[in-house]
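Given next are the chains, with one letter for each unit.
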Amino acid sequence: MLGNGPLEAALARIQREVDAAFESILPVPDDTRAQLVEAMRYAAIGGGKRVRPLLTVSVATLHGADRSAAVRVGCAVEAIHAYSLVHDDLPCMDDDDLRHGKPTVHKAFDEATAVLAGDSLHALAFEILSAPETSGDPFVRAELVATLAVASGWGGMAGGQMMDMAAGSQRYDLHTITRLQQLKTGALLSAAVEMGAVLARVPEEGRGHLRAYARDIGLAFQIADDLLDVEGDEALAGKALRKDDAAGKATFVSLMGRNDARRQARALVEQAIGHLGSYGTEADLLRALARYVVERNT
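Reading the values: rules and limits
- Residues numbered from 1 in each chain as written.
- Predicted model: local features only at pLDDT ≥ 70, side-chain atom pairs only at ≥ 80, totals over all residues.
- Heavy atoms only, no water.
- UniProt positions renumbered as here; feature names shortened; annotations may be inferred.
- Core = buried A, V, L, I, M, F, W, Y, C linked by side-chain atoms within 4.5 Å.
- Buried < 20%, exposed > 50% of the residue type's maximum accessible area, 1.4 Å probe, protein only.
- Contact = heavy atoms within 4.5 Å.
- Helix = DSSP H or I, 4+ residues; strand = E, 2+ residues; numbered from the N terminus.
- 1 Å grid on protein atoms, 1.4 Å probe; cavity = no way out; pocket = protein on both sides within 12 Å on 5 of 7 lines; lining within 4 Å.
- Points joined across faces, edges and corners; volume = space filled by probe spheres on them.
- Nonpolar A, V, L, I, M, F, W, Y, C, P; charged D, E, K, R; others polar.

- As annotated in an unreviewed UniProt entry, the protein chain carries the name Polyprenyl synthetase family protein and comes from Tsuneonella aeria.
- Under the Sequence similarities (unreviewed entry) heading, UniProt states for the protein chain: "Belongs to the FPP/GGPP synthase family."
- Checking UniProt for the protein chain, the heading Cofactor (unreviewed entry) contains the comment "Mg(2+)".

Below, the structure is given as structure tokens:
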């Protein structure tokens with residue numbers, strides 16, 4: 001079984017690789033676009049756990065894909081994640097001042113620059129995926145683009161955010177909260193897993209177990225987030241906590257209670273690990289990642 005050491009090493013490695021890739025992809029121009037690119041770099045470099053890129057790279061390399069290409073795909077997923085955080089933090093959305101322990105982009109720069117930085121990170125994701133350096137196969141590149149586009153838009157992350165914005169004025173039951181989080185959080189996590197399989201040319205009919213794994217860890221991830229929101233330390237989290245309760249939003253914790261929510265998250269993780277039964281020790285990193293999503297404290 002993979003211990004904490006190998007997982008920590010894998011997370012540290014992917015953090016270095018993603019940061020180095022964004023450093024290379026986003027050189028600061030010597031003109032008045034400089035502030036925009038500086039804001040993009042501020043949002044994309046040096047922040048976050050990089051769970052999504054690690055999922056992509058782990059699935060891709062498990063099935064024989066080139067690691068450097070998988071890192072590029074992981075960067076595309078992370079660019080979408082970074083854009084969503086920049087926009088979510090804006091005053092018109094969640095109105096947050098702190099992200100990853102530092103001022104949010106609109107605080108460090110200004111609101112207009114933050115909007116453009118988010119827009120540009122969104123575009124960058126598809127620029128990365130459509131480049132021949134990511135894959136020499138145009139059909140693979142097209143499927144990568146389509147997978148991330150669906151996960152990012154109204155049928156995925158953005159749709160989930162819209163449901164979340166309405167949550168303060170609606171009475172959501174557990175089924176609706178589950179659907180909300182499958183879109184807002186789960187869609188991009190699922191895309192990270194799926195895109196690793198796409199890059200490695202795993203046939204669509206051979207991805208069912210990976211999709212089930214991703215679905216289960218996506219829900220477990222969000223339940224853990226809800227628990228952190230009510231139990232966590234803001235200094236460790238690097239962001240404001242306990243905002244959902246203050247806004248009157250239903251969450252897994254408010255609907256299930258802390259103990260049942262914690263049990264459900266652990267059950268989902270064990271179920272996710274069960275979907276990897278066809279693999280041997282080569283999938284231990286994916287198993288460790290599943291456990292990590294409920295054991296983390298940030």
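Alright, that's what it looks like, and here's the rest.
### What about the nonpolar core?
One broad rule of soluble globular proteins: the nonpolar side chains tend to lie buried together.
(1) Moving on: Counting residues in each nonpolar core, the largest one holds 90 residues, and the members touching the most others are Phe22, Leu55, Leu148, Leu199 and Tyr213.
(2) Moving on: Aside from chain neighbours lying at most four places away, what touches Tyr213 is Leu55, Val193, Ala272, His275, Leu276, Leu286, Leu289 and Ala290.

### Quick notes on the environment of Glu111
(1) Moving on: Tracing the backbone through its elements, the reader meets Glu111 in helix H6 (residues 111-129).
(2) Moving on: Apart from the residues lying within four places of it in its own chain, the contact partners of Glu111 are Leu90, Pro91 and His106.

### Concerning empty space enclosed by the protein
(1) Moving on: As enumerated under the stated definition, the model contains two cavities of 30 Å³ or more in all.
(2) Moving on: Roughly 110 Å³ of internal volume is contained in the largest cavity.
(3) Moving on: As for the largest cavity, its lining consists of Tyr42, Ala43, Ala82, Leu85, Val86, Asp89, Arg99, His100, Lys102, Pro103, Thr104 and Val105.
(4) Moving on: Counting residues per element, the lining of the largest cavity draws most heavily on helix H4 (residues 67-88), at three residues.
(5) Moving on: For the lining of the largest cavity, the per-class residue count stands at seven nonpolar, two polar and three charged.
(6) Moving on: The space that makes up the second largest cavity amounts to roughly 70 Å³.
(7) Moving on: Around the second largest cavity, the lining residues are Ala43, Ala44, Gly47, Gly48, Arg50, Glu78, His81, Ala82, Leu85 and His100.
(8) Moving on: For the lining of the second largest cavity, the secondary-structure elements that each account for two or more residues are helix H2 (34-44) and H4.
(9) Moving on: Among the elements that make up the lining of the second largest cavity, the one with the highest residue count is H4 (four residues).

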